[in-house]
Amino acid sequence: MRRKTPIALSLMLLSGLFAGPALNTNAANLSKTNPYRTVSATNSSNLKGVSLAKDKDGSRYISAFEKGDSFSVNSLDIYQGIDKININVRSYEPSLIRIYENDINGKYLGDIKVNNTHGEYETYSSELDSISGDDVTLYFSCALGDMDIDSWNLTAPENYKVVPEDTSLNLKRSPHPLNPYKPLYANYHCDGCGIELVKEGDKTVVSSLEPTDYYQVYDIDFSEGLNKLNIIAKSEGEAELEVRLGGPAGSKLGTIKISDTNGEYELFSGEMSSISDIHAITFVGIKGNVTVSGWIASTDRITSDEPVTPSPVKVPDKKPDEKMDLSYSINNWGDGYTVSFKLTNNTNEDMTDYSIKIKKDQLNISSSWCIDVAEEGDYYVLTPMSWNSTLTKGQFIEFGINGNGSISSTIDYTID
């Protein structure tokens, strides 16, 4: 028989489960700097012969960088390698910057030649010898001239390819691998670059995932296979993430495209290449700015053990004058169950402020997704969330609940 992660689970990222306390995180190294984005002067350390000054607009810069002066930038995650360095600088005479790995005695990477910019900031680019690593220090030394430095960034080789190491982990990081077929908080067992962990109520989300930023999740047990990844995310504008096997330069598993959510969390899915066993995966920013609350994997693997009996489906008879049509399917595993609902607007007008009432003696709701659940006396009252509160003609929404204990094959309800 074909075993799939129930579609209900692929939507659980919107569940009330994510409103609970956040899981523990191993995100111990989120302070790394992404050198492919703008690195400001304030990221510098070990300043020798120079200091940070403030411009009229309040921005800070490295002032009076002259022959013999130097500074370092630490904790750089140069995971894509180096093609060029681009530096925003103003100079008062022809100048020369030399760049080394770690310190003056480290590997010489290249020079940046700067003309006299007559006190105006200009950007200069220069090729550097490529290095890579997740905790690199670059050492900047002035060999000639007098200049101020505002910011810089690296450009990766256009077609960089890093052969990923074996991504099957030996569980030293955790005695228990993660189960990706149940909802996982975005920050659980993660490490990253260019991102932030932000508290939103009782949960912690991964924020500011922009192009070339990434976060990596370790010790994931894909023993049931993989065909899709589903994330709950929000974005101002269109965005796109790539999912890669192992580290940020690993082989691409698939892409998740995210539409403008106007700052509200929504569910997005992407088809993935099949993998199995225990791996790390990495979410890499490609476009836009994304905040991720959680994710879950779906599988379409055929297995020979534990055959799955198709879930009974109840489609209520629809009366001609019914404005809203509710159908549902029940996946019952004995001591718990999932009920997936589909609500359709049968009218020629928009429907808002609708609600569904179900007696508590029929359900014991433990969590839900895409719907708000309240209790009124002997009833559960299910009402829409802000983003699905209006149904246009013929439109439908899908939502669901998880429950504890046993359940009948039919559910009685009323729609208001």
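Note that this is a predicted model, so its numbers are computed, not measured.

Draft legend 1. Fine view of the overall build of the protein chain. Broken down by element type, the protein chain carries one helix and 33 strands. In the protein chain, the share of contacts with a sequence separation of at least 24, taken over all contacts with a separation of at least 6, comes to 76%.

Draft legend 2. Representation of the side chain of Asp148. Following the sequence through the fold, Asp148 ends up in strand E11 (residues 146-155). Note on Asp148: relative accessible area 5%, which makes it buried. Separated by 2.9 Å, the side chain of Asp148 and the backbone nitrogen of Ala64 make a polar contact. Within the structure, Asp148 has its side chain in polar contact with the side chain of Tyr92 (distance 3.3 Å). Not counting residues within four places of it along the chain, the set of residues in contact with Asp148 comprises Tyr61, Ile62, Ser63, Ala64, Asn88, Val89, Arg90, Tyr92 and Tyr121.

Draft legend 3. Unusual backbone geometry, seen in detail. Here the phi dihedral of Asp219 falls at roughly 55°; this positive angle occurs in a residue that is not glycine. Structurally, Asp219 can be placed in strand E16 (residues 214-221). Taking relative accessible area as the criterion, Asp219 reaches 0% and is therefore assigned buried.

Draft legend 4. Region of the structure containing the sheet that holds strand E19 (residues 252-258). Strand order in the open sheet formed by five strands is E13-E16-E21-E18-E19, with antiparallel pairing between adjacent strands. Edge positions in the sheet fall to strand E13 (190-193) and E19, since each of these pairs with one other strand and no more. Ignoring which end each strand starts from, the neighbouring axes of this sheet average 20° apart.

Draft legend 5. Representation of the environment of Asp277 within the structure. Checked against the element boundaries, Asp277 lands in the loop between strand E20 (266-271) and strand E21 (278-287). Take Asp277: its relative accessible area is 48%, and that puts it in the partly exposed class. Expressed as a C-alpha distance, the spacing of Asp277 and Ser223, which sit 54 residues apart in the sequence, is 4.8 Å. In this structure Asp277 touches Ile220, Asp221, Phe222 and Ser223, once residues within four positions along its chain are discounted.

Draft legend 6. Spatial organisation of the environment of Pro211. Relative to the assigned elements, Pro211 resides in the loop between strand E15 (203-209) and E16. For Pro211, a relative accessible area of 33% corresponds to the partly exposed category. Considered as a pair, Pro211 and Val290 are 79 residues apart in the sequence and their alpha carbons are 9.7 Å apart. Excluding anything up to four places from it in sequence, Pro211 contacts Asn34, Arg37, Gly285, Ile286, Lys287 and Gly288.

Draft legend 7. Structural context of the packing of aromatic side chains. Inspection of the entire model under this criterion finds 11 aromatic pairs. Summarising the aromatic geometry, the rings of Tyr328 and Phe341 are spaced 6.0 Å apart at their centres and angled 55° between planes, so their arrangement reads as tilted. With Tyr328 in strand E24 (residues 324-332) and Phe341 in strand E25 (residues 336-345), the pair connects residues that are 13 residues apart, well separated along the chain. Classification of Tyr328 by relative accessible area gives buried; the value is 2%. One aromatic cluster is present, formed by Phe65, Phe71, Phe140 and Trp152 through successive ring pairs. Taking NZ or CZ as reference, Arg90 lies 4.7 Å from the ring centre of Tyr61, over its face. Stacked on the ring of Phe396, the Lys or Arg Lys342 has its end atom at 4.2 Å from the ring centre.

Draft legend 8. Just the nonpolar core, in detail. Ranked by internal contacts, the top residues of the largest apolar core, which has 35 residues, are Phe65, Ile97, Ile99, Leu138, Phe140, Ile149 and Trp152. Elements with a minimum of two residues in this core: strand E4 (60-66), strand E5 (70-78), strand E6 (84-91), strand E7 (95-101), strand E8 (108-114), strand E10 (133-144) and E11. Excluding its chain neighbours within four sequence positions, the residues that come into contact with Leu138 are Phe71, Ser72, Val73, Leu76, Ile99, Tyr100, Leu109, Ile131 and Trp152. Membership of the second largest hydrophobic core comes to 32 residues, among which are Leu209, Leu226, Leu241 and Leu253.

Draft legend 9. Quick peek at the environment of Asn88. Considering the arrangement of structural elements, one finds Asn88 in strand E6. A sequence separation of 36 residues divides Asn88 from Tyr124, and the C-alpha atoms of the two residues are 6.6 Å apart. Contact partners of Asn88, with chain neighbours within four places excluded, come to Tyr121, Glu122, Thr123, Asp148, Ile149, Asp150 and Ser151.

Draft legend 10. Focus on the sheet that holds strand E30 (residues 379-383). Overall, antiparallel pairing links the four strands, which are arranged E29-E30-E27-E33 in an open sheet. Two strands in the sheet have a free side with no partner beyond their single neighbour: strand E29 (372-376) and strand E33 (414-415). In terms of strand pairing, strand E27 (residues 356-359) meets E33 through two bridges, oriented antiparallel. Bridge pairing in E33 places Lys357 opposite Thr414.

Draft legend 11. Here's a closer look at the pattern of salt bridges. Within the structure shown, the criterion is met by 11 salt bridges. With a shortest N-O distance of 3.3 Å, Asp111 and Arg98 are connected by a salt bridge. On the criterion of sequence distance, the pair formed by Asp111 in strand E8 and Arg98 in strand E7 is long-range, its members being 13 residues apart. On the basis of relative accessibility, which here comes to 19%, the residue Asp111 falls in the buried class. One continuous salt-bridge network, built from bridges that share partners, spans Arg37, Glu210 and Asp213.

Parameters at a glance
Residues numbered from 1 in each chain as written. Predicted model: local features only at pLDDT ≥ 70, side-chain atom pairs only at ≥ 80, totals over all residues. Heavy atoms only, no water. Helix = DSSP H or I, 4+ residues; strand = E, 2+ residues; numbered from the N terminus. Contact = heavy atoms within 4.5 Å. Buried < 20%, exposed > 50% of the residue type's maximum accessible area, 1.4 Å probe, protein only. Polar contact = N/O pair within 3.5 Å; in protein donor to acceptor, adjacent residues only side chain to side chain. Pairing = 2+ DSSP bridges. Axes fitted to C-alpha atoms, helices over the stretch in contact; angles between N-to-C directions. Phe/Tyr/Trp six-rings, centres within 6.5 Å; stacked < 30°, edge-to-face > 60°. Lys NZ or Arg CZ within 6 Å of the ring centre and 35° of its normal. Core = buried A, V, L, I, M, F, W, Y, C linked by side-chain atoms within 4.5 Å. Salt bridge = Lys/Arg side-chain N within 4 Å of Asp/Glu carboxyl O.

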